Amino acid sequence: MELLGATTAELSSLCEKLGHSSYRGAQIAEWIYKKGARNFESMTNLPAALRRELHEHATLTRSDVMDVARSPDGASKFLLRLGDGQAVESVLLPYLNRTSVCVSTQIGCAAGCVFCATADCGFIRNLTSGEMVDEVLTLQEQGASGVTHVVFMGMGEPLLNLDNVLRAIGLLNAQLEIGMRRLTISSVGITPAIRKLMELDLQLTLAISLHAPDQSLRRKLIPISGKYPLDELMDACRDYANATKR
């Protein structure tokens with residue numbers, strides 16, 4: 001079982017299966033999400049027997065920083081190596097009154113936008129919810145203060161990995177205590193996913209990148225938009241705004 005990406009309830013269930021009290025799950029969650037633990041040895045308030053059993057039955061996979069590009073305005077772009085050796089980019093954006101992180105949701109991307117370097121990679125795989133949360137935790141280690149805002153608009157199209165994005169959002173909200181209104185999904189416009197998101201009525205922000213005022217030009221710039229015509233997308237956006245008031 002991969003612990004990063006698990007909820008407190010799932011961690012408690014694991015502890016019970018290993019013969020330990022369920023409250024140990026909350027302790028593990030605090031180590032992972034609040035303290036940014038990278039190994040079981042650092043979880044010093046857990047019994048030694050439980051830490052040994054976690055080594056046998058679970059993993060805690062964190063990314064490593066491969067490279068950093070820093071901007072004069074304080075923004076920093078990080079290249080992170082994931083557990084399977086793949087790499088993604090994440091951006092730390094410090095402001096006077098908040099710290100934002102821009103996270104990737106996929107390795108590569110299938111949207112094919114002609115202006116985007118990620119499109120040249122093709123689509124490799126979706127990121128897990130744990131890998132997305134790890135991006136936030138890893139950049140938080142590099143920042144001067146705790147992350148207050150998260151934007152899903154790095155590598156990949158978030159709405160093509162909606163289930164994992166939604167699970168990551170739940171973890172960021174519940175475990176890292178980042179308010180739902182401080183979470184943003186940025187998309188080129190995957191109409192069925194927008195309608196699915198609308199039904200959930202979450203208080204997050206949905207941002208749509210149109211890039212063109214008409215379907216003909218938009219299809220040239222964003223090939224995947226051929227599946228999701230502009231008029232249908234705008235209808236979905238209006239319905240979303242009316243239903244969620246956001």
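The present account deals with the structure reproduced in this document. As the structure is a prediction and not an experimental result, all values here were calculated from the model. (Residues numbered from 1 in each chain as written. Predicted model: local features only at pLDDT ≥ 70, side-chain atom pairs only at ≥ 80, totals over all residues. Heavy atoms only, no water.)

Digging into the overall build of the protein
Point 1. For the protein, the count of helices and strands is 8 helices and 9 strands.
Point 2. In terms of overall size, the protein behaves like a compact globule, its C-alpha atoms giving a radius of gyration of 19 Å where 246 residues would be expected to give roughly 18 Å.
Point 3. Once the C-alpha set of the protein is aligned to its principal axes, its extents read approximately 65 × 40 × 35 Å.
Point 4. For the protein, the accessible area works out to roughly 11,600 Å², and carbon and sulfur atoms hold 51% of it.
Point 5. Across the protein, the 25 positively charged side chains and the 27 negatively charged ones have centroids separated by 3 Å. (Helix = DSSP H or I, 4+ residues; strand = E, 2+ residues; numbered from the N terminus. Rg over C-alpha atoms; globule rule 2.2 N^0.38 Å. Areas by Shrake-Rupley, 256 points an atom, 1.4 Å probe, with all protein chains shown as cover. Lys, Arg positive; Asp, Glu negative; His and termini not counted. Charge placed at Lys NZ, Arg CZ, Asp CG, Glu CD.)

A short note on the packing of aromatic side chains
Point 1. Taken as a whole, this structure holds 0 aromatic pairs when the rule is applied.
Point 2. Note that K35 overlies the ring of W31, its terminal NZ or CZ placed 4.0 Å from the centroid.
Point 3. R98 extends its terminal NZ or CZ atom over the ring of Y95, reaching a point 4.0 Å from the ring centre. (Phe/Tyr/Trp six-rings, centres within 6.5 Å; stacked < 30°, edge-to-face > 60°. Lys NZ or Arg CZ within 6 Å of the ring centre and 35° of its normal.)

Looking at the environment of G19
Point 1. Along the chain, G19 falls in the loop between α1 (8-17) and α2 (23-34).
Point 2. For the pair G19 and C116, spaced 97 residues apart in the sequence, the C-alpha separation amounts to 50 Å.

A few points about the side chain of S100
Point 1. Secondary-structure assignment places S100 in strand β4 (residues 99-103).
Point 2. Using a relative accessible area of 6% as the deciding quantity, one classes S100 as buried.
Point 3. Sequence-distant contacts of S100, that is, excluding residues within four places in its chain, are made with V91, L92, L93, Y95 and H149. (Buried < 20%, exposed > 50% of the residue type's maximum accessible area, 1.4 Å probe, protein only. Contact = heavy atoms within 4.5 Å.)

A short note on the pattern of salt bridges
Point 1. Counted by the stated rule, this structure contains 11 salt bridges.
Point 2. The closest approach of N and O atoms between D134 and R62, which form a salt bridge, is 2.5 Å. Note that D134 is positioned in helix α4 (residues 129-142) and R62 in the loop between α3 (48-57) and β1 (64-70), a separation of 72 residues in sequence.
Point 3. Between D235 and R238 there is a salt bridge; the shortest N-O distance is 3.3 Å. In this pair, D235 and R238 are both assigned in helix α8 (residues 230-244), 3 residues apart and thus about one turn of the helix distant.
Point 4. According to the relative accessible area criterion, D235 is partly exposed, its value standing at 39%.
Point 5. Among the charged side chains, a salt-bridge network with shared partners connects R38, R62, D134 and E141. (Salt bridge = Lys/Arg side-chain N within 4 Å of Asp/Glu carboxyl O.)

Things to note about the environment of L11
Point 1. Relative to the helices and strands, L11 is located in helix α1.
Point 2. Separated by 233 residues in sequence, L11 and T244 place their C-alpha atoms 32 Å apart.
Point 3. Discounting residues that sit within four places of it in the chain, L11 has contacts with M1, L3, A6, G25, I28 and A29.

Topic: the layout of surface pockets
Point 1. In this structure, the largest pocket encloses a volume near 460 Å³.
Point 2. Lining the largest pocket are 23 residues; nearest its centre among them are C116, M153, G154, M155 and G156.
Point 3. Among the elements that line the lining of the largest pocket, the one with the most residues is strand β3 (residues 87-94), at 3 residues.
Point 4. Residues belonging to the lining of the largest pocket are distributed by class as follows: 12 nonpolar, 8 polar and 3 charged. (1 Å grid on protein atoms, 1.4 Å probe; cavity = no way out; pocket = protein on both sides within 12 Å on 5 of 7 lines; lining within 4 Å. Points joined across faces, edges and corners; volume = space filled by probe spheres on them. Nonpolar A, V, L, I, M, F, W, Y, C, P; charged D, E, K, R; others polar.)

So, the sheet that holds strand β9 (residues 205-208)
Point 1. Here we have 7 strands laid out as an open sheet, ordered β1-β2-β3-β4-β7-β8-β9, and mixed in their pairing. The open sheet has two edge strands with one neighbour each: β1 and β9. Adjacent strand axes in the sheet meet at a mean angle of 20°, parallel and antiparallel pairs treated alike.
Point 2. Across the face of the sheet, α4 comes into contact with β1, β2 (76-81), β3, β4 and β7 (149-152) while running at roughly 50° to β3.
Point 3. Set on the sheet, helix α5 (residues 162-174) makes contact with β7 and β8 (183-187); between it and β7 the angle comes to about 175°. (Pairing = 2+ DSSP bridges. Axes fitted to C-alpha atoms, helices over the stretch in contact; angles between N-to-C directions.)

Observations regarding α4
Point 1. Over its 14 residues, α4 runs 21 Å from end to end, which matches the ideal 20 Å to within 8%, given 1.5 Å per residue.
Point 2. For α4, a buried count of 11 out of 14 residues is recorded, marking the element as mostly surrounded by other parts of the structure.
Point 3. For α4, the full list of buried residues reads S129, G130, E131, M132, V133, D134, E135, V136, L137, T138 and L139. (Expected span 1.5 Å × (residues − 1).)

Thoughts on the packing of α4 against α5
Point 1. One can describe the packing of α4 onto α5 by two numbers: an axis separation of 8 Å at closest approach and a directional angle of 45°. By the criterion of interaxial angle, the relationship of α4 to α5 is oblique. You can see that α4 and α5 cross each other, and the crossing is right-handed. Touching S129, M132, V133 and V136 of α4 are N164, V165, R167, A168, L171 and L172, all from α5.
Point 2. For the contact of α4 with α5, a count of residues per class yields 7 nonpolar, 2 polar and 1 charged. (Parallel < 35°, antiparallel > 145°, perpendicular 65-115°, else oblique. Left-handed = near helix turned anticlockwise from the far one by under 90°.)

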